[in-house]
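Analysis of the macromolecular model
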Amino acid sequence: MFCKNYNILKTSRQWNNIGVETVALKVDKTLGKLKLYRNSLKITQEIQENPSLLPPDYNFLAVILSNSPIICLDIEGNPGSVDNFMRILDENELKIEHFLAERTMGGGIHLYFRRNLSTPSSNIYGGIKENIYFDVLSSGKCFTSPSHLGERSYSFKGISIFDIKDVMDIPEYPQVLDFLMDK
């Protein structure tokens with residue numbers, strides 16, 4: 001039997017395999033970059049084994065960053081923000097294709113990194129450096145592929161979670177990007 005949320009469950013399983021919990025949500029609409037959702041449901045082994053327990057109208061997947069081995073650098077889709085970030089990567093001979101990264105619904109980028117001693121323990125919201133608009137997320141939820149609303153969706157870019165077999169396959173936060181965390 002085909003499950004409408006097959007891709008959410010398949011992706012959730014991959015995140016769970018590297019030690020990251022996930023939840024499914026029903027997002028009805030967005031308000032700017034905010035997603036208005038209700039009824040977050042942790043994806044458990046029971047749901048994986050019985051997909052009918054996940055309501056068919058749940059359209060978003062989120063990774064739980066609290067107590068996980070990863071953080072997310074969220075580059076916002078503001079004009080010039082992604083281009084300026086990509087320029088810094090290029091200047092430092094870093095390629096987006098070498099990172100676990102995804103395009104967000106708003107035209108931004110999520111990059112996932114393994115935690116290290118220099119990564120923050122609390123979220124940094126509304127950062128602006130060198131015309132790069134960003135958040136550094138280390139706790140709470142972070143929406144991820146295959147989340148979708150209408151025609152807009154998150155999609156992996158370069159390395160996807162399906163290329164990751166172990167959390168050690170995810171690079172640590174690059175030192176060259178530490179300037180984004182300076183107060």
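Quick summary incoming for the structure in this document.

Definitions and cut-offs
- Residues numbered from 1 in each chain as written.
- Predicted model: local features only at pLDDT ≥ 70, side-chain atom pairs only at ≥ 80, totals over all residues.
- Heavy atoms only, no water.
- Core = buried A, V, L, I, M, F, W, Y, C linked by side-chain atoms within 4.5 Å.
- Buried < 20%, exposed > 50% of the residue type's maximum accessible area, 1.4 Å probe, protein only.
- Helix = DSSP H or I, 4+ residues; strand = E, 2+ residues; numbered from the N terminus.
- Contact = heavy atoms within 4.5 Å.
- Salt bridge = Lys/Arg side-chain N within 4 Å of Asp/Glu carboxyl O.
- Expected span 1.5 Å × (residues − 1).

1. Points about the nonpolar core
Grouped together as the largest cluster of nonpolar side chains are 24 residues, with contacts concentrated most on W15, I18, I70 and Y112. Those elements that provide at least two residues to this core are α1 (6-17), β3 (60-64) and β4 (70-75). A total of three residues in this core trace back to one element, the largest contributor, which is α1. For I70, the contacting residues outside a window of four places in its chain are W15, V20, L65, Y112, F113, R114, R115, V167 and I170. Among the nonpolar cores identified, the runner-up in size contains 21 residues, and I88, I96, I124 and F134 belong to it.

2. Let's talk about the pattern of salt bridges
For the structure shown, the criterion picks out five salt bridges. One salt bridge in this structure joins E91 and R87, with 3.1 Å as the shortest N-O distance. Linking E91 with R87, this pair stays in helix α3 (residues 81-91), spanning four residues, or about one helical turn. Across the salt bridge formed by E130 and R87, the nearest N and O atoms sit 4.0 Å from each other. Taken together, the residues span a long stretch of sequence, with E130 in the loop between β7 (124-129) and β8 (132-137) and R87 in helix α3 at a distance of 43 residues. Under the relative-accessibility criterion, R87 is labelled partly exposed at 32%. Bridged by salt links that share partners, the residues R87, E91 and E130 form one connected network.

3. Some thoughts on α1
An α-helical segment advances 3.6 residues per turn. Residues three or four places apart therefore align on the same side. If you check α1, its first and last C-alpha atoms are 17 Å apart, about what twelve residues at 1.5 Å a residue would give, namely 16 Å. Among all positions of α1, only I8, L9, T11, S12, Q14 and W15 are buried. Looking one or two residues beyond α1, the residue adopting positive phi is G19, at roughly 95 degrees.

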